[in-house]
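Descriptive structure summary
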Amino acid sequence: DCNAILKALQPIFQEQGMTETVHNWEDHGYLATYIKKNGSFANLRIHPHGLVLVDLQSYNDHMKGREEVDQLLNKVEERMKELFHGNIKRVKRLPAILRGGVIDRYWPTADGRLVEYDIDEVVYDEDSPFQNIKILHSKQFGNILILSGDVNLAESDLAYTQAIMGSGREDYTGKEVLILGGGDGGILYEIVKLKPKMVTMVEISFASNIDQMVIDGCKKYMRKTCGDVLDNLKGECYQVLIEDCIPVLKRYAKEGRMFDYVINDLTAVPISTSPEEDSTWEFLRLILDLSMKVLKPGGKYFTQGNCINLTDALTLYEEQLSRLYCPVEFSKETVCVPSYMELY
């Protein structure tokens with residue numbers, strides 16, 4: 001009985017001094033809007049099939065205001081239970097979404113779900129010529145690097161770095177390694193520990209979303225990830241080139257320079273399933289072809305994929321591997337990256 005529910009809940013909102021407006025649809029229930037003098041408002045939607053929704057929006061920058069919201073919702077819930085004598089199948093109260101704050105805590109996952117992070121501090125926020133660079137602090141994950149709204153890597157995410165290096169199954173001792181992207185320094189830091197002959201990291205490309213300002217921010221605020229390898233662009237067994245990776249790859253191919261490993265940390269597999277119409281797919285295929293040309297026979301190419309739920313996009317990426325100029329074999333592995341809050 002939609003009318004009975006409306007009449008039972010009306011006094012709760014009226015006690016708060018809220019102005020009421022009621023819309024009634026003969027076969028579609030009620031929508032009641034309650035507005036307070038301070039601009040706070042509640043929408044009460046009562047559906048004939050038994051669903052009752054209460055959406056409450058208010059401006060609260062203090063704990064007392066939040067307590068008032070909780071008290072109002074508690075009264076609604078208690079009154080509903082009284083009205084139906086406990087015969088309610090389910091009551092679900094969602095946490096408040098905090099909008100317009102100095103700190104943005106909400107980031108979408110690759111497959112379109114909304115995740116709320118426990119962000120408590122903006123550590124770094126700058127705009128480079130290529131993108132917006134943020135480093136935010138999470139109570140769980142430590143500092144998180146976010147590039148143009150995309151969560152890249154947190155200090156907690158060693159699992160990502162280990163996976164893109166081969167999950168501990170590779171021997172990098174005395175090997176030549178090429179890293180494409182990797183501006184957070186995590187891959188370089190971990191490989192240098194393994195005594196390679198030389199690691200070359202190519203660090204800037206419009207398509208890679210990596211630039212010098214990323215390096216500057218990470219070497220200051222992501223040291224648990226990069227250690228000291230970004231303090232200098234050259235070390236005993238590594239060098240960082242601030243150049244576009246595509247001309248570098250073409251130059252290496254022309255010179256006949258070869259690598260035991262190529263690690264591509266430039267960009268994830270695109271979500272689009274129309275590769276012929278998407279420049280990102282064309283870029284990925286170009287990088288794949290150029291990488292194969294500088295990879296030694298029997299060498300290995302490692303790259304990230306995407307969220308495991310994006311099955312169509314991942315399948316399409318695998319199809320690209322049959323279109324390269326040379327035959328390749330591939331394998332894949334699924335890992336849990338803590339700050340991504342999803343399997344990758």
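Residues numbered from 1 in each chain as written. Predicted model: local features only at pLDDT ≥ 70, side-chain atom pairs only at ≥ 80, totals over all residues. Heavy atoms only, no water.

Looking up the chain in an unreviewed UniProt entry gives the name Spermine synthase, with the organism given as Opisthocomus hoazin. As stated in UniProt under Pathway (unreviewed entry), the record for the chain gives "Amine and polyamine biosynthesis; spermine biosynthesis; spermine from spermidine: step 1/1." On record in UniProt, under Subunit (unreviewed entry), the comment for the chain is "Homodimer. Dimerization is mediated through the N-terminal domain and seems to be required for activity as deletion of the N-terminal domain causes complete loss of activity." (UniProt positions renumbered as here; feature names shortened; annotations may be inferred.)

1. Some thoughts on the packing of helix H8 (residues 279-293) against helix H9 (residues 311-320)
Remark: H8 packs on H9, axes separated minimally by 11 Å, with the N-to-C direction vectors making an angle of 40°. As the angle between them shows, H8 and H9 are arranged oblique. Handedness of the H8/H9 crossing: right-handed. Residues Trp281, Leu284, Arg285 and Leu288 of H8 touch H9, and the partners they reach there are Ala313, Leu316, Tyr317 and Gln320. Residue classes in the contact of H8 with H9 are distributed as six nonpolar, one polar and one charged. (Axes fitted to C-alpha atoms, helices over the stretch in contact; angles between N-to-C directions. Helix = DSSP H or I, 4+ residues; strand = E, 2+ residues; numbered from the N terminus. Parallel < 35°, antiparallel > 145°, perpendicular 65-115°, else oblique. Left-handed = near helix turned anticlockwise from the far one by under 90°. Contact = heavy atoms within 4.5 Å. Nonpolar A, V, L, I, M, F, W, Y, C, P; charged D, E, K, R; others polar.)

2. Here we look at the nonpolar core
Ranked by internal contacts, the top residues of the largest apolar core, which has 74 residues, are Leu178, Ile191, Ile263 and Ile287. Per element, the largest residue contribution to this core is seven residues, and it comes from H8. Setting aside its immediate chain neighbours within four residues, Leu178 contacts Thr200, Val202, Leu249, Tyr252, Phe259, Tyr261, Val262, Ile263 and Val294. Among the nonpolar cores identified, the runner-up in size contains 16 residues, and Ile5, Tyr34, Ala42 and Ile46 belong to it. (Core = buried A, V, L, I, M, F, W, Y, C linked by side-chain atoms within 4.5 Å. Buried < 20%, exposed > 50% of the residue type's maximum accessible area, 1.4 Å probe, protein only.)

3. Section: the sheet that holds strand E10 (residues 150-154)
Spatial strand order, E7-E8-E9-E10: four strands in an open sheet with antiparallel pairing. If you trace the sheet from one side to the other, it starts and ends with strand E7 (119-127) and E10, each paired once. Each neighbouring strand pair of the sheet contributes to a mean axis angle of 25°, computed without reference to strand direction. With seven bridges connecting them, E7 and strand E8 (residues 132-138) associate as antiparallel partners. Its bridge partner lying in E8, Asp127 is registered against Asn132. On the sheet, helix H5 (residues 212-221) packs against E7, E8 and strand E9 (142-147) and is oriented at approximately 145° with respect to E7. (Pairing = 2+ DSSP bridges.)

4. So, the sheet that holds strand E2 (residues 29-35)
If you walk across this open sheet you meet the four strands as E1-E2-E3-E4, and the pairing is antiparallel. The outermost strands of the open sheet, each flanked by one partner alone, are strand E1 (19-25) and strand E4 (52-57). Neighbour to neighbour, the strand axes of the sheet diverge by 10° on average, direction disregarded. When E1 meets E2, the two strands line up antiparallel, connected through seven bridges.

5. Some remarks on the UniProt feature "active site" (unreviewed entry) in the chain
The feature "active site" (unreviewed entry), as annotated in UniProt, sits at Asp265 in this numbering. As for its placement among the helices and strands, Asp265 is situated in strand E14 (residues 259-265). For Asp265, the residues in contact, after removing those within four places along its chain, are Tyr160, Ile164, Leu180, Gly181, Gly182, Asp184, Ile187 and Gln304.

6. Description of the pattern of salt bridges
Summed over the entire model, instances satisfying the criterion amount to 16 salt bridges. Here Asp260 ties to Lys296 by a salt bridge, and the two come within 3.4 Å at their closest N and O atoms. Taken together, the residues span a long stretch of sequence, with Asp260 in strand E14 and Lys296 in strand E15 (residues 295-303) at a distance of 36 residues. (Salt bridge = Lys/Arg side-chain N within 4 Å of Asp/Glu carboxyl O.)

7. Description of the packing of aromatic side chains
Summed over all chains, the structure comprises eight aromatic pairs. Here the aromatic rings of Phe13 and Tyr34 are separated by 4.2 Å at their centres, their planes lie at 10°, and the arrangement is stacked. In this pair, Phe13 sits in helix H1 (residues 2-14) while Tyr34 sits in strand E2, placing the two residues 21 residues apart along the sequence. Classification of Phe13 as buried rests on a relative accessible area of 1%. For Tyr34, a relative accessible area of 0% puts it in the buried group. (Phe/Tyr/Trp six-rings, centres within 6.5 Å; stacked < 30°, edge-to-face > 60°.)

8. Here's the deal with the packing of helix H7 (residues 245-255) against H8
Packed helices, taken two at a time, are described by the angle their axes make and the gap between the axes. The N-to-C vectors of H7 and H8 enclose an angle of 30°; their axes lie 9 Å apart at closest approach. On the basis of their axis angle, the class for H7 and H8 is roughly parallel. Between H7 and H8 lies a crossing whose hand is left-handed. Listed contacts from H8 to Cys245, Ile246, Leu249, Lys250 and Ala253 of H7 are Phe283, Leu286, Ile287, Leu290, Ser291 and Lys293. The residue makeup of the contact of H7 with H8, split by class, is eight nonpolar, one polar and two charged.

9. Looking at unusual backbone geometry
Although it is not a glycine, Ser167 sits at a positive phi angle of roughly 55°. In this fold, Ser167 is placed in the loop between helix H3 (158-164) and strand E11 (176-181). Positive phi outside glycine occurs at Met341, with the angle close to 55°. As for its position among the elements, Met341 is in the loop between strand E16 (336-337) and strand E17 (342-343).

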